[in-house]
Amino acid sequence: MGSHSHRMPTPTTPAGREALDALLRTPERSVVALDFDGTLAEIVPDPDQARAHPGAVPALAALAPRVGSVAVITGRPAGVAVRYGGFAGVPGLERLTVLGHYGAERWDAISGTVHAPAPHPGVAAVRAELPGFLDAIGAWQGTWIEEKGRAVAVHTRRAADPQAAFEALREPLAELAQRHGLIVEPGRAVLELRPPGMDKGVALAEYLAETGAGAVLYAGDDLGDLAAFSAVEKLRQNGLPGLLVCSGSAEVAELAERADLVLDGPPAVVAFLSDLAAALS
């Protein structure tokens, strides 16, 4: 095993440095878990146009054989993340796992199939009601609905004032979600209505228990990643080394403040993963 790359950034916290050392010392027992949008892929105005950073798959393919496992944890449907990431059939990623819909769906490279429970009936009800609902409250201008299979999202990024539109919709959408047994997950200029009981923290904790991880690195960029950060912080209190990485610091200050390492978006995350692979080679 090599030493740290000359350009690998160093975590700013003692817990982060301890976790990176543990990962470098026992990579075969370490899990690298990553969000997709904003972490491996740039945030774009139309989520259907999002694709993994060109260096992401090569970096993951170099890193994955050298660690216990690599998982992508995303709010997207698992199959969509696999397609937009270009993860299927890649040498080196034979053991990759993608946990979609915050862990409700699971794709693994070994079988190449998605496993998922039956969808929540409230999602179909909300899907049918949303267009008229947004129209009735005068929020149709500049907002748009993204169909996510097991969830429905309302985006405000195209509105004249995205943040004002986001704030104006929070309460009405929370009431709509509650009426149908759903919850609202806020993100960057997006409010997602989805079933309760599953978040990135639950998904990550269950995956770490299942794999018997001895250390974990989690990287994310958005409000939905706070639950995963909390899960790692809790596991650290129980002695599991964990490195928290924030991709970009401008839009979600709360995540950056809790991170051990802040990287400047997907290009810097990909460079860090490449450095990590090189340090372990």
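Residues numbered from 1 in each chain as written. Predicted model: local features only at pLDDT ≥ 70, side-chain atom pairs only at ≥ 80, totals over all residues. Heavy atoms only, no water.

Let us look at the environment of A124. With respect to the helices, strands and loops of the structure, A124 is situated in helix α4 (residues 121-136). Given a relative accessible area of 43%, A124 falls into the partly exposed group. For the pair A124 and V152, spaced 28 residues apart in sequence, the C-alpha to C-alpha distance is 8.9 Å. (Helix = DSSP H or I, 4+ residues; strand = E, 2+ residues; numbered from the N terminus. Buried < 20%, exposed > 50% of the residue type's maximum accessible area, 1.4 Å probe, protein only.)

As enumerated under the stated definition, the model contains 13 salt bridges in all. Ionic pairing is found between D221 and R188, a salt bridge with its closest N-O pair at 2.4 Å. Remark: R188 occurs in the loop between β8 (183-187) and β9 (190-194) and D221 occurs in the loop between β10 (215-220) and α7 (226-237); sequence separation between them is 33 residues. Each member of the pair D221 and R188 is classed as buried. Salt-bridge contacts for K200 lead to D225; the nearest nitrogen and oxygen are separated by 3.0 Å. Remark: D225 occurs in the loop between β10 and α7 and K200 occurs in helix α6 (residues 200-211); sequence separation between them is 25 residues. The residues K200 and D225 share a single accessibility class, namely buried. (Salt bridge = Lys/Arg side-chain N within 4 Å of Asp/Glu carboxyl O.)

Another point: unusual backbone geometry. Here the phi dihedral of H101 falls at roughly 50°; this positive angle occurs in a residue that is not glycine. Phi at A189 takes a positive value of approximately 55°, unusual for a residue other than glycine. Mapping A189 onto the fold places it in the loop between β8 and β9. By relative accessible area, A189 is classed as buried at 14%.

What follows deals with the packing of aromatic side chains. Counted according to the given criterion, the structure contains 2 aromatic pairs. For the pair Y218 and F229, a centre-to-centre distance of 6.3 Å together with 90° between the ring planes defines the contact as edge-to-face. Remark: F229 occurs in helix α7 and Y218 occurs in strand β10; sequence separation between them is 11 residues. F229 shares its class with Y218; the two are buried. Seen from the ring of Y84, R51 lies directly overhead, with NZ or CZ sitting 4.1 Å from the centre. Note that R158 overlies the ring of W144, its terminal NZ or CZ placed 4.2 Å from the centroid. (Phe/Tyr/Trp six-rings, centres within 6.5 Å; stacked < 30°, edge-to-face > 60°. Lys NZ or Arg CZ within 6 Å of the ring centre and 35° of its normal.)

Relative to the helices and strands, S30 is located in strand β1 (residues 30-34). In contact with S30, not counting residues within four places along its chain, are A22, L23, V67, G68, S69 and A215. (Contact = heavy atoms within 4.5 Å.)

Attention now moves to the packing of helix α1 (residues 14-25) against helix α9 (residues 265-280). Here α1 crosses α9 at 50°, and the two axes come no closer than 10 Å. Here α1 lies oblique to α9, going by the angle between them. Listed contacts from α9 to L20, L23 and L24 of α1 are F272, L276, A279 and L280. (Axes fitted to C-alpha atoms, helices over the stretch in contact; angles between N-to-C directions. Parallel < 35°, antiparallel > 145°, perpendicular 65-115°, else oblique.)

What follows covers the packing of helix α2 (residues 56-63) against α9. As a packed pair, α2 and α9 sit with axes 8 Å apart at the nearest point and diverge in direction by 25°. Accordingly, the angle class assigned to the pair α2 and α9 is roughly parallel. Between α2 and α9 lies a crossing whose hand is left-handed. On α9, the residues that touch A56, A59, L60, A62 and L63 of α2 are V270, L273, S274, L276, A277 and L280. Of the residues that constitute the contact of α2 with α9, the class distribution is 10 nonpolar, 1 polar and no charged. (Left-handed = near helix turned anticlockwise from the far one by under 90°. Nonpolar A, V, L, I, M, F, W, Y, C, P; charged D, E, K, R; others polar.)

This part is about helix α5 (residues 162-179). In this model α5 runs 25 Å from its N-terminal to its C-terminal C-alpha over 18 residues, within 8% of the 26 Å that 1.5 Å per residue would give. At R170, α5 shows its maximal kink, close to 35°; a proline, P172, follows between one and four residues later. Those residues of α5 that are buried lie in contact with α4, β7 (152-155), β8 and β9. At the exit of α5 stands G181, carrying a positive phi of roughly 75°. (Expected span 1.5 Å × (residues − 1). Bend = angle between axes of the 7 residues up to and from the residue.)

Geometry only, nothing functional implied.
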